[in-house]
Structures are given as structure tokens and as C-alpha cells.
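Residue-level structural notes
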Amino acid sequence: MWGGRFDSGPDALMESINASIEFDKRLYAQDIRGSKAHCEMLVAQKIIEAGDGGLILDGLDRILAEINSGDFGFKSSLEDIHLNIEARLAELIGDAAGRLHTARSRNDQVATDLRLWLRDACDAMDAGLRALQEALIDRADEHAATVMPGFTHLQAAQPVTLGHHLLAYVEMFGRDRGRFADARARMNESPLGVAALAGTSFPVDRHMTASALGFDRPAANSLDAVSDRDFVLEFLAAASIAAMHLSRMGEEIVLWCSAQFAFAALGDGFTTGSSIMPQKRNPDAAELLRGKSGRIIGALTGLMVVMKGLPLAYSKDMQEDKEPVFDAADTLGLCIAAATGMVRDLRFDEARLRQSMEDGFVTATDLADWLVRALNLPFRRAHHVTGELVGKAEARGCDLSELTLAEMQAVEPGIHDEVFTVLGVDNSVASRTSFGGTAPDNVKQAAAAARERFL
């Protein structure tokens, strides 16, 4: 390609470190699509002849068919996907192939290809997260009234419903979808036609190519268009946050499926056994949601480090953008699908969930609130009284509801029989009717609203 300037070929080591075809061949469909749009614009602007343009378009279609069928021979000596396609085009149509690269550079070409690929990746992530939300909403509807302990600091705090707990993840994944949508909107500008860095002297129509490729507009600055990779970083940032949410859910599934919690169980489809301990059923899929999040977050961190010291405009360092983003997208897509499968597969032990609230005094806050409402105590005084009563119950080895009225009145004389109506778990969750609260009726309404908002 640059034989006019160089007398000999690259060293074998240079070829090895420089070649990107083993990973950027994934961009072949985007590269051909961009090349066709560029060719059609060159013909429309009379920069190349229509006859040559027709040959180029036919040749590109043939190459696309060859790659799709597995008949295309990728060559590392040709460095990247762009030169592999260009060389094959020359074999097919001869000298006319050389006209395709008029008024463009590999710099704007790869920036265009990668934006096209990432647009599709954003759409794929959105579809996967939507399916995960649907699974969570279905299970939340099913368990709108199933009580379980809510935790802070991994200590039993207050009763909640399982449906309410599951809907919390629906909200998280909804925000993740919003981040991918925002990233997609910002990346939807076309670099094609800015050439290497300064634009071109040919009378190109960048609005035409932008429209043909589904971009909202052409990128406004040629230097920025070829050297910007924040659209990749933004995708990776959205992916990292989504992976973190998946990791948190994976951790809860691991806890829930442990013998110590025994809140839920996964079937054979999402667990593995032990090579030495025959009793084991390991929630490996959930564990991998945790583990693979580090891989995705690492991709973001790695590319941030690559980009942080680069002057304008393009540098070969930017070749390091593709492997992490391809791996992150593949990994996140797999994790989302696995999470969706596990949510559908989980079998919850409702009796165990209820039993688990016997420890931890989870209705203590309800008691404090009742003291405020019924006895008009300041909340801090009510908090102190409740703390004393918890201490009494703990010393006796019983629940708050098992203390006698006399024992309670010894701490606060104003307490009367009505107190026992707020100490039951079902009464507790039913009372949490504030917007966004855990009451079963709220959960049913929230699940319906989530279907409307997200599905």
C-alpha cells in the first residue's frame, strides 16, 4: 500500500505487532456498508465515474457474500479488515478498485465502522436488558405478597416483599438501558469523509453519506472525528455499570442458594457439581456474573489508560480500542442472557423466607413508628424505648411480639394492647404504602407500571 515510500517489507515482528485483522475482521459488514455509501457519494459528486462505481459496488457485494459463506481468505500480511477488503476488490475488478479510497483514509474509515458496530451493540444490550426486566417483573408479580427480610449491612432490617426486592433490579436495569440509549445517541455522528485528519479537497457530500448510514449528522470537526474514542469509552462505561448491577444480583443469588440462607434454589440448568463432594450444587452461573464484571470494568479502565496521553489526531495506539470493546460486549451479552435464565429458573422457598424473619427483630422500626403515632413520643425517644425492648427480647430469647404487655409497660407505661397489631410481619409490609414502598398492593401496581414503562 505504501510501496512508493518504502524499499522493503516490514519485519516479521513489525507485522505481528501491527496486524489487527484477527480481531477487526468482525467489522467486515460495517466496513463494506461504509464503503458502499462512500462509493455512491463519489459517483453522485462526479468524483469517480459511474461505471467504476458500479464495478466497485458489485465487487463489494461479492466480497460480503464470500465472507458470510466462509470462503474469504483473511491475510495478516494485509494488516486489517480495510486492506483485506481493498485487496480482494482489486483482484475482482482490477484498477477501478483503487478509486474507492478517494477522499477518505483508514482513519475515518475505522472510526465510521466502529460507530456502526457499537450502534448495533447498544441495540443488542437494550434488547437483552429488556428481556431480563420482563423476567424480573413476571417474578415480582408472582411474589408481590411473599414476605422476606430486607437487609442493610447484610443484617436483617425490616420486612419487605420479594416482589419489591426484585423490582429494585428492574429499576437498575432500566437506567442501564437509558445509558446505552444515551451513548448511542451521542455516537451517532459520521466521521466518514474527513479523511486522515484535515478534511479533503474533493467536493464530498458528507451529509449524503451520513444519511445513507443512518447517522444523525456528520461529525463537525475533522480532527475530533478521527481521534475521538469517547464513544467507545461511553459504551464501556454503560457496560461496566450494567455488569456491576448484574454482579450484585449474582451475589444475592449465591447467598440465597446457600444452605445458610436457603431462600431459593437453582435447577440443574444453572448449577454445577463438585468433582469430590457429591452433595454440592454450586451456583456457578451466578458466581460468574460477579467474576465477569471485573473483565468488563477492566476493559473500560484499560482503554482509558490507552487514550489519556494521546495528542491529536490519530495514533496507532487507538487500534487497542477494539479487542476490549468486542470482549466486553460479548461478555455482557452472555451475562445478561444467563441472568435472565436464572431469574426464570429460581425456585423460592416462601416458608423459609418467612421463617428467616424470626431472628433480627425486623419489626422494631414498626414499633418505633407506632410509639410516635399512638403515644405522640418524639421519634428519638421512641427509638430509645424500642431499643430497650429489643434488649429485653434478646435477653429472653424471644421476638418483640412475644414480650408481655407488662414487660413493655415497664419501659414505657403508655404502651397498650394495640401495639401487638404492628408487630406482625404481614402487618408491617402492608403498612408500607408510601409511593415506592413494599406493601403488596404497591408491588402489584409497581409491576404494572414497570411493564408500561419498560416493555
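All values reported here derive from a predicted model rather than from experimental measurement. (Residues numbered from 1 in each chain as written. Predicted model: local features only at pLDDT ≥ 70, side-chain atom pairs only at ≥ 80, totals over all residues. Heavy atoms only, no water.)

Moving on, we get to the overall build of the protein. Helix and strand counts for the protein come out as 18 helices and six strands. Taken against the 2.2 N^0.38 rule, which gives 23 Å for 455 residues, the C-alpha radius of gyration of the protein at 31 Å runs more than 25% over that of a compact globule. A total of 455 residues make up the protein; the buried ones form 47% of that total. The contacts of the protein with a sequence gap of at least 6 include a subset with a gap of at least 24, amounting to 75%. A total accessible area of about 21400 Å² is found for the protein, and carbon and sulfur atoms account for 52% of it. Averaging the positions of the 46 positive and the 66 negative side-chain charges in the protein gives two centres separated by 1 Å. (Helix = DSSP H or I, 4+ residues; strand = E, 2+ residues; numbered from the N terminus. Rg over C-alpha atoms; globule rule 2.2 N^0.38 Å. Buried < 20%, exposed > 50% of the residue type's maximum accessible area, 1.4 Å probe, protein only. Contact = heavy atoms within 4.5 Å. Areas by Shrake-Rupley, 256 points an atom, 1.4 Å probe, with all protein chains shown as cover. Lys, Arg positive; Asp, Glu negative; His and termini not counted. Charge placed at Lys NZ, Arg CZ, Asp CG, Glu CD.)

The next thing to look at is the pairing of strand β1 (residues 147-152). Relative to strand β2 (residues 155-161), β1 runs antiparallel, the two being bridged by six bridges. By the bridge assignment, methionine 148 is partnered in β2 with valine 160. Hairpin remark: β1 followed by β2, antiparallel, with two residues in the connecting loop; positive phi at histidine 153, about 60 degrees. (Pairing = 2+ DSSP bridges.)

The subject of this paragraph is the packing of aromatic side chains. Evaluated as defined, the whole model comprises seven aromatic pairs. Chaining the aromatic ring pairs together yields one cluster made of Phe151, Phe261 and Phe263. Above the face of the phenylalanine 326 ring, arginine 26 is positioned so that its terminal group lies 4.8 Å from the ring centre. Of note, arginine 115 hangs over the ring of phenylalanine 231, and the distance from its end group to the ring centre comes to 4.2 Å. (Phe/Tyr/Trp six-rings, centres within 6.5 Å; stacked < 30°, edge-to-face > 60°. Lys NZ or Arg CZ within 6 Å of the ring centre and 35° of its normal.)

It is worth spelling out unusual backbone geometry at this point. Across the junction of leucine 312 and alanine 313, the peptide omega takes the value 10 degrees, indicating a cis bond. Along the chain, alanine 313 turns up in the loop between α11 (284-307) and α12 (322-345). Located in the positive-phi region is alanine 103, a residue other than glycine, with phi close to 65 degrees. On the secondary structure map, alanine 103 appears in the loop between α5 (81-93) and α6 (106-142). Residue alanine 103 is classed as buried on the basis of its relative accessible area, which comes to 7%.

Turning our eyes to something else, we now look at the environment of aspartate 426. As for its placement among the helices and strands, aspartate 426 is situated in helix α17 (residues 425-431). For the pair aspartate 426 and proline 159, spaced 267 residues apart in sequence, the C-alpha to C-alpha distance is 8.3 Å. Contact partners of aspartate 426, with chain neighbours within four places excluded, come to Val147 and Arg354. Of the polar contacts made by the side chain of aspartate 426, one reaches the side chain of arginine 354; its length is 3.0 Å. (Polar contact = N/O pair within 3.5 Å; in protein donor to acceptor, adjacent residues only side chain to side chain.)

The next point concerns the nonpolar core. Ranked by size, the top nonpolar core spans 91 residues in total, and within it Leu118, Phe180, Phe235, Met249 and Leu332 carry the most contacts. Here this core gets 14 residues from one element, more than from any other, and that element is helix α10 (residues 230-256). Not counting chain neighbours up to four residues away, the residues in contact with phenylalanine 180 comprise Cys122, Met125, Leu129, Phe235, Ala238, Ala239, Ala242 and Leu332. Among the nonpolar cores identified, the runner-up in size contains 21 residues, and Ala368, Trp370, Leu377 and Met408 belong to it. (Core = buried A, V, L, I, M, F, W, Y, C linked by side-chain atoms within 4.5 Å.)

Let us look at a nonpolar patch on the surface. On the surface, a cluster of nonpolar side chains totalling about 270 Å² of accessible area is made up of Leu197, Leu223 and Leu312. Tracing the backbone through its elements, the reader meets leucine 223 in helix α9 (residues 222-227). Judged by relative accessible area, which is 31%, leucine 223 ranks as partly exposed. (Patch = residues over 30% accessible without salt bridge, like charges linked within 9 Å, V, L, I, M, F, W, Y side chains within 5 Å. Salt bridge = Lys/Arg side-chain N within 4 Å of Asp/Glu carboxyl O.)

Turning our attention to the side chain of arginine 104. By the secondary structure assignment, arginine 104 is in the loop between α5 and α6. Despite its burial, arginine 104 pairs with no opposite charge; the closest candidate is glutamate 86, at 5.5 Å N-O. Side chain to side chain, arginine 104 and serine 35 meet in a polar contact 3.1 Å long. The residues contacting arginine 104, other than those within four sequence positions of it, are Ser35, His38, Gln109, Leu192 and Ala195.

Here the structure, examined in full by the defined rule, presents two cavities of 30 Å³ or more. By volume, the largest cavity amounts to about 60 Å³. Taken together, Leu136, Leu166, Tyr169, Met249, Glu252, Ile253, Trp256, Val343 and Leu346 form the lining of the largest cavity. At the level of secondary structure, the elements contributing two or more residues to the lining of the largest cavity comprise α7 (162-187) and α10. Examining the composition of the lining of the largest cavity, we find that four residues originate from one element, α10, more than from any other. Each residue belonging to the lining of the largest cavity can be placed in one class, and the counts come to eight nonpolar, no polar and one charged. Taken as a whole, the second largest cavity encloses approximately 40 Å³ of empty space. Lining the second largest cavity are Asp31, Ser35, His82, Ile85, Glu86, Leu100, His101, Arg104 and Gln109. Mapped by element, the contributors of at least two residues to the lining of the second largest cavity are α3 (28-44) and α5. The biggest single contributor to the lining of the second largest cavity is α5, with three residues. Here the residues of the lining of the second largest cavity are counted per class, giving two nonpolar, four polar and three charged. (1 Å grid on protein atoms, 1.4 Å probe; cavity = no way out; pocket = protein on both sides within 12 Å on 5 of 7 lines; lining within 4 Å. Points joined across faces, edges and corners; volume = space filled by probe spheres on them. Nonpolar A, V, L, I, M, F, W, Y, C, P; charged D, E, K, R; others polar.)

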